[in-house]
Structures are given as C-alpha cells and as structure tokens.
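Listed below, chain by chain, are the residues.
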There are 2 protein chains.
Amino acid sequence: MHVISTEHLDDHLTEHRFTLDGVPGVLWSPRTTGGPTPLVLLGHPGDLARMHPRLLGRARSCVADGYTAATLELPGAGGRPRLPAVDAARAELRRAVRAGEPVPDAVVERLVTPLVEASVPEWRTLLDALPGHDPVAWSGGITAIGVRMALEPRIAAALLFAGSRLPRATLDEARRVTVPLLMLLQWDDEGNDRRQALDLFDALGSDALGRTEKTLHANTGGHTGVPAFEGGAAARFLARHLRCRGRSG
Amino acid sequence: MHVISTEHLDDHLTEHRFTLDGVPGVLWSPRTTGGPTPLVLLGHPGDLARMHPRLLGRARSCVADGYTAATLELPGAGGRPRLPAVDAARAELRRAVRAGEPVPDAVVERLVTPLVEASVPEWRTLLDALPGHDPVAWSGGITAIGVRMALEPRIAAALLFAGSRLPRATLDEARRVTVPLLMLLQWDDEGNDRRQALDLFDALGSDALGRTEKTLHANTGGHTGVPAFEGGAAARFLARHLRCRGRSG
C-alpha cells in the first residue's frame, strides 16, 4: 500500500489516500486508537472523486463508532483504464431503462459480471494489506459485488444495497451466504428490479441455521432517496456485529 | 369508561383495567405526567389474558418513552360473546394452512371482515373516552384492523404487523392511507401470505405525496420470531412521529 496523502479532517478523523497495486483508494481512521479497530469496507458505484462526499459521510459515522473505513476505486471508473465492453453494456442498460424496456440478462451479465470478477480480488488484496482489523464488515456498493464479498471468509457481516441489477450467478451465490445481513431496498428505484431484489433477499442463506440475522429495510422512494434514519439503522446493524460499544451500540 | 382496578406495577408504570360499553380493556400510564401524553393503541390477535405478558412489554416501552398505551379485547375473544361464524372461518383457515392448501378468499372474508367491522368502532369509542391525548399512533394487531385504523383521522402514525390474511377490501383501503407507516413482515410466516403482504406495502398510499415515511422491515423467521431489535425500531418510529424526546428520540 503506497500512501499518497494523510489529512487530519478534524480532531477525530484522519483520511489517507493511497494506491494499492496501482488501484486508488481511501482509508479513514480514528486519530487516536488503541490498536487495530474493526474495519468497514465501503462499496460504491464507481468514481471516487464524485462519490467522495457521500463516502466521507459514511466513513465519519464508522469512525465515530470506533471503526476504520476503507474503499477502492472501481475497475474502469474514475482515473482507471476504461472497460469498453462494460461501458457499452451500461449504455445499453440505461437506454433500455429510459425506454421502459426490459433489460436483457445478457446486458446485465456484460455490465456487472466483469466488475465483480475484477474488483473482488482487489478488495481481498486490500484486506491482506490491512492485517489485524477484525471483525470486518462490507457495506453497500454494487449488489453483486456485495454478495460475492459476503462469501469472503474475513467478512463478518454485510450491509447490501439492492440498487443494481443482478447476474443470474448472484442468486446462486446468495444461497451460500451465511453472515448476518441487512439489505436496503428503495421500493420505487427506477434503475432496479424490485422482484429480483426480493428474490435475492429470499435466496440469501443467512437464515439457513435459523440463528443469523437477515433483515430487509424497504423504503418508498427512488435510488437516491434512502431516508436519513437508515444511516442510524446501518450503524446499529454494524454495532451489533462488529461488537462495538460505540454511540450506536 | 368504568375502571375496575388500578395497579402501580413499579415506580413508573400504572396499569388500569377497565370496561368501556362492556368491552374489557387495559390502559398503561406513567405514574407521574404533566398532563395528557401521546397515546399508542396496542392491537393484538385476541384474548387479553393470554396476550397480557406481551402487551405489557410493549406498554412498558411506550410508557418509558413518555406515552400512554391502551388496548381493548377483540370481539369474540377472551370472555366476550363468541362469534360462531368467525370461529368457524378461523378453523377453516387453520385447517387449510396445516394441509398446505390455498386459503379461499371467502374464508378470509368471513374471518377478518367481521372483526374489522366490529372492533374499529370500539377503538373509536376508546379514543372518545381518552380525550386530550395527541398525537395518537396505532401499533400492531390484525393487519386489516390496522389499515382501517390508519384511516381514522385521529391516528397520526401506524405500525402494521403483516401477520394475518387480508380481505380484498383492505388493499383498496390501503391506497387511501396517508399517515407515516412502519410495516413489519416475518418473511417465513407460515400463517401469512408474503405476496399479499408485499402487495399491501406497495398499495399503502403513505408515499403518495413523496414526503411521508413508508418503510417495510422484513426479517427471516416465523410469525412469533420478530427479532428483539425490532422493538427498538418500533420505538424510534413512534418517537419520530409522536414527537417525543424519550430514550428512543
């Protein structure tokens, strides 16, 4: 991990910009800590520069609760080399959604699957580069990446945002997920498929033992309309599973 | 309202048993209060004696947050005159569920509609008998009764438990509901119809203006498996809409 800059944003929060094998990322840590804290990996739809304000808000909440937070640029996004096939599939998907047409599975496959395949190994490398942080939670980002990450043995809990289309393989992977889960769904999300999101929640295996938490929070409104109070719900979910006695514990 | 008994359960909570036009009920109030508090009407599936421990738990949370809580016996339940047609329909429904057969709409109509028609006027009479308590919220009980009560002008917010079958009319009534809503759904509730519960959430009109809160919390598990943390979520929902600065505010 090559640290590019370290900035103390206030008395409590330090932001480190880094690259890891050439992938840009950001780490947010408490200014004072008694050793490694729990870690929250912050997923996002791509373009760290554009997403930074929202990511910083989520990171502030994590650090206030005693965790470290980290994120990586998405493959093909921001300043990273474009992925022309992915860009073409994204354009096809947006055109179909705008036209109110069904989105062909093949288009979702060409858009999402390469992002899952390319990004998950990079997140694993990030975990390798941040030893000692335990437990680790996944939070948000592209749904199919969150499901794949929820299968990573170092992930203790996952907060999934059902805000993007799913390749067929994701539903099969979901059955193997056993960590505690909170899934957020925006009921009127124009870019999402509600039926598919509910099928995903149903498929997730986290209730297989009848002991693990598996919760869906559905709110009225569109993709970006997640109510502010869901921030508190997410903090309490993480507090339950990162065994943190922070303000949300 | 004829008060039968008043018992100080602890330093904070007083339980009043009463009858209202012959209908048994229970009122839970703070021992000390500066005038009328917000009021929470506690719905339940019937038989106050059997439900009392769970109702008392919900009432304790309400009173701790600064509200008064009240409930009434359901028509045909507990010591009230039986409703043979309702009992027969309930037996039919249970038989069909046990046999894994679809439950005919006519059976749901014969079971639920008479309970809605008979109980809602009784709840309105209870509101008449408890003047000054404002705002008032509805919490739980038979889903179709909760939807009808959410249309009562004195109800400012409603917590619905999607744990029972719905007459067709309830989906139409739901479109006219405009108060803030939190709906709880037990994803694997054997006595429920998940598709119907999701259709109800979709139909509820509380998002019509795009400003009102309409949230679904679905948890894995059966009818009685609501996770303990949903108690906190319910308290925070009530605190938001009863404008209370209690422990959950």
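Above this text you will find the structure in question.
Computed from a predicted model, the values in this text were never measured in an experiment.

Undergrad: Which residues make up the overall build of chain A, and what values go with them?
TA: Helix and strand counts for chain A stand at seven helices and nine strands. Relative to the compact-globule value of 18 Å for 249 residues, chain A shows a C-alpha radius of gyration of 17 Å, a close match. Taking the intrachain contacts of chain A between residues at least 6 apart in sequence as the baseline, contacts between residues at least 24 apart amount to 64%. As displayed, chain A has an accessible area near 10700 Å², and 54% of this comes from carbon and sulfur atoms.

Undergrad: Can you break down unusual backbone geometry residue by residue, with the values?
TA: Residue and element names in this part refer to chain A. Omega for the bond connecting Asp 134 with Pro 135 falls within 30 degrees of zero, at 0°, which places this linkage in the cis form. Here Asp 21, not a glycine, exhibits a phi torsion of approximately 50°, which is positive. Positionally, Asp 21 belongs in the loop between β2 (13–20) and β3 (23–30). A positive phi angle is found at Asp 47, which is not glycine, with a value near 80°.

Undergrad: Outline helix α6 (residues 194–203) of chain A, supporting the account with residue identities and numerical values.
TA: Those residues of α6 of chain A that sit buried are Gln 196, Ala 197, Leu 198, Leu 200, Phe 201 and Ala 203 of chain A. In this fold, the buried residues of α6 of chain A make contact with α4 (143–150), α5 (168–174), β8 (181–186) and β9 (214–219) of chain A together with α6 (194–203) and β9 (214–219) of chain B. In this structure Asp 193 of chain A caps α6 of chain A, since a side-chain oxygen of it lies 3.1 Å from the backbone nitrogen of Arg 195 of chain A.

Undergrad: Could you give me a rundown of the relation of the copies chain A and chain B, with the residues and numbers involved?
TA: When chain A is fitted to chain B, the best match, at an RMSD of 0.0 Å, comes from turning it 180° and sliding it 0.0 Å along the axis. When the rotation and shift are considered jointly, the pair of chain copies conforms to a two-fold rotation axis. Residues of chain A ranked by C-alpha distance from the rotation axis are headed by His 217 of chain A, positioned 2.4 Å from it. Both copies present the same face, since 100% of the interface residues in chain A are matched by interface residues at the equivalent positions in chain B.

Undergrad: So what's going on with helix α2 (residues 84–98) of chain A? Residues and values would help.
TA: Every α-helix winds through 3.6 residues per turn, so residues three or four apart in the chain are directed the same way. Residues and elements named next belong to chain A. Here α2 contains 15 residues, and its C-alpha end-to-end distance of 21 Å stays within 8% of the 21 Å for a straight helix at 1.5 Å per residue. Looking at α2, one finds that the buried residues are Val 86, Ala 89, Leu 93 and Ala 96. End-on, the buried residues of α2 take up no more than an arc of 90°, which puts them together on one face. More than 90 degrees from the buried face of α2, the exposed residues found are Pro 84, Arg 94 and Arg 98. Of the residues one or two after α2, Gly 100 is the one with positive phi, at around 70°.

Undergrad: Mind laying out the side chain of Asp 189 of chain B, listing which residues take part and the relevant values?
TA: Residue and element names in this part refer to chain B. By the element assignment, Asp 189 lies in the loop between β8 (181–186) and α6. The buried charged residue Asp 189 lacks any salt bridge partner; its closest oppositely charged side chain belongs to Arg 165, at an N-O distance of 7.6 Å. Reaching out from Asp 189, the side chain makes a polar contact with the side chain of His 223 at a distance of 2.7 Å.

Undergrad: Before we move on, can you summarise the pattern of salt bridges with the specific residues and values?
TA: For side chains of opposite charge, pairing can occur when their charged atoms come near one another. For the coordinates displayed, the defined rule picks out 36 salt bridges over all chains. Of the charged contacts in the structure, one is a salt bridge between Asp 87 of chain B and Arg 90 of chain B, with a shortest N-O distance of 3.0 Å. With Asp 87 of chain B and Arg 90 of chain B both in helix α2 (residues 84–98), this residue pair falls three residues apart, about one helical turn. For Asp 87 of chain B, a relative accessible area of 24% puts it in the partly exposed group. For Arg 90 of chain B, a relative accessible area of 21% puts it in the partly exposed group. Here the salt bridges share partners, and the residues they tie into one network are Arg 124, Asp 128, Glu 152 and Arg 154 of chain A.

Undergrad: Please set out the pairing of strand β3 (residues 23–30) of chain B residue by residue, giving values where relevant.
TA: Residue and element names in this part refer to chain B. Counting buried positions along β3 yields seven of eight residues, so the element is predominantly enclosed. From the end of strand β2 (residues 13–20) to the start of β3, which pair antiparallel, there are two residues, and Asp 21 there has a positive phi angle of about 50°. As paired strands, β3 and strand β5 (residues 68–72) are joined by four bridges and run antiparallel to one another. Of the residues in β5, the one forming a bridge with Gly 25 is Leu 72.

Undergrad: Which residues make up the interface of chain A and chain B, and what values go with them?
TA: Taken together, the contact pairs 21 residues of chain A with 21 residues of chain B. For the pairing of chain A and chain B, the buried interface totals around 1700 Å² over both sides, and the portion due to carbon and sulfur atoms is 53%. On the surface where chain A and chain B come into contact, there are two salt bridges. Viewed at the interface, chain B and chain A are joined by eleven residue pairs in polar contact (both at pLDDT 80 or more). Of the residues forming the side of chain A that touches chain B, the biggest block, six residues, is contributed by β9 of chain A. Class assignment of the residues belonging to the side of chain A that touches chain B gives a composition of six nonpolar, five polar and ten charged.

Undergrad: A description of the pairing of β8 of chain A should follow, citing residues and the corresponding values.
TA: Residues and elements named next belong to chain A. Counting buried positions along β8 gives six out of six residues, so the element sits mostly inside the fold. Residues Leu 181, Met 183 and Leu 185 point to one face of β8 and Leu 182, Leu 184 and Gln 186 to the other, with burial holding for every one of them. Note that strand β7 (residues 155–161) and β8 share four bridges and pair parallel. Looking at β8, one finds that Leu 160 is bridged to Met 183. Between the parallel elements β7 and β8, the chain passes through α5 in a crossover that is right-handed. Relative to β9, β8 runs parallel, the two being bridged by six bridges. Looking across to β9, one finds that Leu 181 is bridged to Lys 214.

Undergrad: Outline the packing of helix α3 (residues 105–129) of chain B against helix α4 (residues 143–150) of chain B, listing residues and values.
TA: Residue and element names in this part refer to chain B. The N-to-C vectors of α3 and α4 enclose an angle of 45°; their axes lie 9 Å apart at closest approach. Taken together, α3 and α4 sit at an angle that is classed as oblique. The handedness of the crossing between α3 and α4 is right-handed. For the pair α3 and α4, contact is made by Val 112, Leu 115, Val 116, Glu 117, Ser 119, Val 120 and Trp 123 and by Ala 144, Ile 145, Arg 148 and Met 149, respectively. Across the contact of α3 with α4, the residue classes break down as eight nonpolar, one polar and two charged.

How each quantity is defined
- Residues numbered from 1 in each chain as written.
- Chains lettered and ligands numbered in written order.
- Predicted model: local features only at pLDDT ≥ 70, side-chain atom pairs only at ≥ 80, totals over all residues.
- Heavy atoms only, no water.
- Helix = DSSP H or I, 4+ residues; strand = E, 2+ residues; numbered from the N terminus.
- Rg over C-alpha atoms; globule rule 2.2 N^0.38 Å.
- Contact = heavy atoms within 4.5 Å.
- Areas by Shrake-Rupley, 256 points an atom, 1.4 Å probe, with all protein chains shown as cover.
- Buried < 20%, exposed > 50% of the residue type's maximum accessible area, 1.4 Å probe, protein only.
- Polar contact = N/O pair within 3.5 Å; in protein donor to acceptor, adjacent residues only side chain to side chain.
- Least-squares fit on C-alpha atoms with pLDDT ≥ 70 in both.
- Expected span 1.5 Å × (residues − 1).
- Arc of directions from axis to C-beta.
- Lys, Arg positive; Asp, Glu negative; His and termini not counted.
- Salt bridge = Lys/Arg side-chain N within 4 Å of Asp/Glu carboxyl O.
- Pairing = 2+ DSSP bridges.
- Buried area = accessible area lost by both parts, 1.4 Å probe.
- Nonpolar A, V, L, I, M, F, W, Y, C, P; charged D, E, K, R; others polar.
- Right-handed = clockwise from strand over helix to strand, strands pointing away.
- Axes fitted to C-alpha atoms, helices over the stretch in contact; angles between N-to-C directions.
- Parallel < 35°, antiparallel > 145°, perpendicular 65-115°, else oblique.
- Left-handed = near helix turned anticlockwise from the far one by under 90°.

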